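# Examining the three-dimensional arrangement
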Amino acid sequence: MLSQQSTRSLRSCREHASGRAATKLVRVQAFKPASTAAAASRSSSSPVVQLHRQQQLPVVSSRQSSVAVHASSSSAVAASQAYRSKPANQVNVLVVGPTGYIGRFVTKELIARGYNVIAFAREQAGIKGKMGKEDTKKELPGAQVVFGDVTNLQSLRDTAFAQPVDVVVSCLASRTGGKKDSWAIDYQATKNVLDVARERGASHFVLLSAICVQKPLLEFQRAKLQLEADLQAAGDISYSIVRPTAFFKSLAGQVELVKQGKPYVMFGDGNLASCKPISEQDLARFMADCITDADKANAVLPIGGPGKALSAKEQADILFRLTGLPPKYFPVPIALMDGIIGIFDFLAKIFPALEDSAEFGKIGRYYAAESMLVWDEKRGVYDADATPSYGTDTLEGFFQKALTEGLKGQELGDQAVFGVGE
């Protein structure tokens, strides 16, 4: 059995990518899901982006669309991009998932840039539905906040698209990464938004996805990948598919433990996987850039933050250096995760209600062993150099702020395990 310290360090490892960031079982390598260099680099004309622009996704069976949509020619799509030449205050941008972890940053960035922002939210929004209508309106000043249900096509037609929409920004993500939740939100709800956007003549669709869909072994990854494929195949609406690496929030799980002098828990030697974490604000800026930057249209865009790729051990070393405490590590064999997953898989066959518990274990295992970097299929390796960098915020700066000011606003909510980090 795990020690009490080990148990406290297990945490969920994902945050759909919309918009909440990402943590589902392992507190150590809790990054998604979902690069130095260009701290100010806002162009995606690099060879990597060009490569992803031409990328062919795996063939996956398409679900029957519940909305009749007629594809137009590519010339019609090109003509519909006239909104790019308009002043921001003449462009209507619909954000779905505006109260999620990433969605809040994206919505506020779009408001700051002067767009007419329509924020389509649930009546009970935020972590565990704790935000009522008035709370949501106060959270998003400057947006036209409307309420409805992304799982209901008529609600989308009547409320979200009650007025003409030029651009849709989807920050939707399943709350837990469970199998049914993944297909209900990461795929079907987002597909509903896409279908009505096409029906109502929207020009562009910005989708928050995740870099981990490159190697789809988990249900939420398959659901996201199917939606990506449907969006790319639409033909009558342009798109920007944003695949971020790790969010800062998803790497914050052990800040308080280290501050208290406790060891940093990591799998193996802490070098099994690496990532180029990006701040929520930098990611929001990048997504906003997708509205205006023509070179980000009809492209799959992997994106990380500035600086080198960091392993779990390197992240721990940053924390120890900032706290001035002697490094203490608690290595956990990756095989332990395999054993836990095997037990839950077996029990799920007898007790179907445990199916999601088995999936959560697989999510934890995935993020413990797989890097959140661009995957080079030909060489069969993750390539840190090929993972684009963007922004100026660093993980070290985030850790320093978290150590001095705490982690308010970084609550995990539905991604928390055993109530830790709620």
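Residues numbered from 1 in each chain as written. Predicted model: local features only at pLDDT ≥ 70, side-chain atom pairs only at ≥ 80, totals over all residues. Heavy atoms only, no water.

An unreviewed UniProt entry lists the protein under the name Divinyl chlorophyllide a 8-vinyl-reductase, chloroplastic, from Tetradesmus obliquus. According to its UniProt record, the protein has this under Pathway (unreviewed entry): "Porphyrin-containing compound metabolism; chlorophyll biosynthesis." The record held by UniProt for the protein lists under Subcellular location (unreviewed entry) the comment "Plastid, Chloroplast". (UniProt positions renumbered as here; feature names shortened; annotations may be inferred.)

Moving on, we get to the overall build of the protein. Tallying secondary structure elements over the protein gives 14 helices and 13 strands in all. Buried residues in the protein amount to 56% of all 422 residues. (Helix = DSSP H or I, 4+ residues; strand = E, 2+ residues; numbered from the N terminus. Buried < 20%, exposed > 50% of the residue type's maximum accessible area, 1.4 Å probe, protein only.)

Our next topic: the packing of helix α7 (residues 179-199) against helix α8 (residues 219-233). Their axes nearest at 8 Å, the elements α7 and α8 cross at an angle of 15 degrees. The orientation of α7 with respect to α8, classified from their angle, is roughly parallel. As α7 packs across α8, the resulting crossing turns out to be right-handed. Note on element contacts: α8 touches α7 through E219, F220, R222, A223, K224, Q226, L227, D230 and L231, opposite K179, S182, W183, D186, Y187, T190, K191 and L194. (Axes fitted to C-alpha atoms, helices over the stretch in contact; angles between N-to-C directions. Parallel < 35°, antiparallel > 145°, perpendicular 65-115°, else oblique. Left-handed = near helix turned anticlockwise from the far one by under 90°. Contact = heavy atoms within 4.5 Å.)

Ranked by internal contacts, the top residues of the largest apolar core, which has 36 residues, are V93, L110, V169, L283, M287 and I291. Residue assignment for this core shows that the elements contributing at least two residues are β1 (92-96), α4 (101-112), β2 (116-121), β3 (144-147), β4 (167-170), β5 (204-208), α10 (280-292) and β9 (299-303). For M287, the residues in contact, after removing those within four places along its chain, are V106, V169, C171, V206, L208 and V242. (Core = buried A, V, L, I, M, F, W, Y, C linked by side-chain atoms within 4.5 Å.)

Once that is clear, we can look at the pattern of salt bridges. With the rule as written, the count across this model stands at 24 salt bridges. D317 is the salt-bridge partner of K313, the closest N and O atoms lying 3.2 Å from each other. Within this pair, K313 and its partner D317 are both found in helix α11 (residues 312-323), separated by 4 residues, close to a single helical turn. The class of K313 is partly exposed, set by a relative accessible area of 26%. With its nearest N and O atoms 3.0 Å apart, the salt bridge here joins E396 to R321. Highlighted residues: E396 in helix α14 (residues 395-405) and R321 in helix α11, separated in sequence by 75 residues. (Salt bridge = Lys/Arg side-chain N within 4 Å of Asp/Glu carboxyl O.)

With burial as the criterion, each face of strand β7 (residues 264-267) is covered, one bearing Y264 and M266 and the other bearing V265 and F267. Inspection of the sheet shows β7 paired to strand β11 (residues 329-332) by 4 bridges, in the parallel sense. Bridged to V265 within β11 is F330. (Pairing = 2+ DSSP bridges.)

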